[in-house]
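Each chain, letter by letter, is given below.
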Amino acid sequence: MPVDFSGTWNLVSNDNFEGYMVALGIDFATRKIAKMLKPQKVIKQDGDSFHIHTTSTFRDYSLQFKIGEEFEEDNKGLDNRKCKSLVTWENDKLVCVQSGEKKNRGWTHWLEGDDLHLELRCENQVCKQVFKRA
Ligand code: VLZ
């Protein structure tokens, strides 16, 4: 049985989101607001199809993909840079590579105990987020 990430998850820690946003070129004013946010993730997983909806009081971001199928991602409301994204399983981790202008861009999701973990990468910056079930 594959891991099931489905559920509603609330952010409880957010390490170096600032560095990640700087690497993405997010402007100062937006960063000041964004780093105060406690986003919620709603994940729907159906076989190899995923819908990850990140919501906050400021902005929302919605992503739909299938494992192993490259898709165009617009990052609307984030840095707005288009990239080619590909999500694959690496053992029980969900790994996304976001190929484009920014080097080493991508993210990894995994479960640890009752918690959802997310590592966000861009260039030399790594942001580490932890979520708990709502
Ligand atoms: O998550 O790539 O779960 O897309 C933050 C919204 C969303 C707050 C961050 C506004 C999305 C920020 C992180 C304004 C700059 C992300 C993926 C993995 C799915």
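Conventions used here
- Residues numbered from 1 in each chain as written.
- Predicted model: local features only at pLDDT ≥ 70, side-chain atom pairs only at ≥ 80, totals over all residues.
- Heavy atoms only, no water.
- UniProt positions renumbered as here; feature names shortened; annotations may be inferred.
- Helix = DSSP H or I, 4+ residues; strand = E, 2+ residues; numbered from the N terminus.
- Pairing = 2+ DSSP bridges.
- Axes fitted to C-alpha atoms, helices over the stretch in contact; angles between N-to-C directions.

Under an unreviewed UniProt entry, the protein has the name Retinol binding protein 7 and belongs to Calidris pygmaea. According to UniProt, the comment filed for the protein under the heading Sequence similarities (unreviewed entry) is "Belongs to the calycin superfamily. Fatty-acid binding protein (FABP) family." Recorded under Subunit (unreviewed entry), the UniProt text for the protein is reproduced unchanged: "Monomer."

Asker: A description of the UniProt feature "domain: Cytosolic fatty-acid binding proteins" (unreviewed entry) in the protein should follow, citing residues and the corresponding values.
Answerer: Under the present numbering, the feature "domain: Cytosolic fatty-acid binding proteins" (unreviewed entry) in UniProt falls on residues 7-24. The annotated region residues 7-24 carries 39% helix and 50% strand content, and the separation between its end C-alpha atoms amounts to 28 Å.

Asker: Now, about the sheet that holds strand β9 (residues 115-122): what can you tell me, with residues and values included?
Answerer: Spatially, the 10 strands line up as an open sheet ordered β4-β3-β2-β1-β10-β9-β8-β7-β6-β5, and their pairing is antiparallel. The sheet is open, and its two borders are formed by β4 (61-66) and β5 (71-73), each paired with just one other strand. Within this sheet the neighbouring strands show an average axis-to-axis angle of 25 degrees, counted without direction. Sheet topology places β9 next to strand β10 (residues 125-133); eight bridges connect them, and they run antiparallel.

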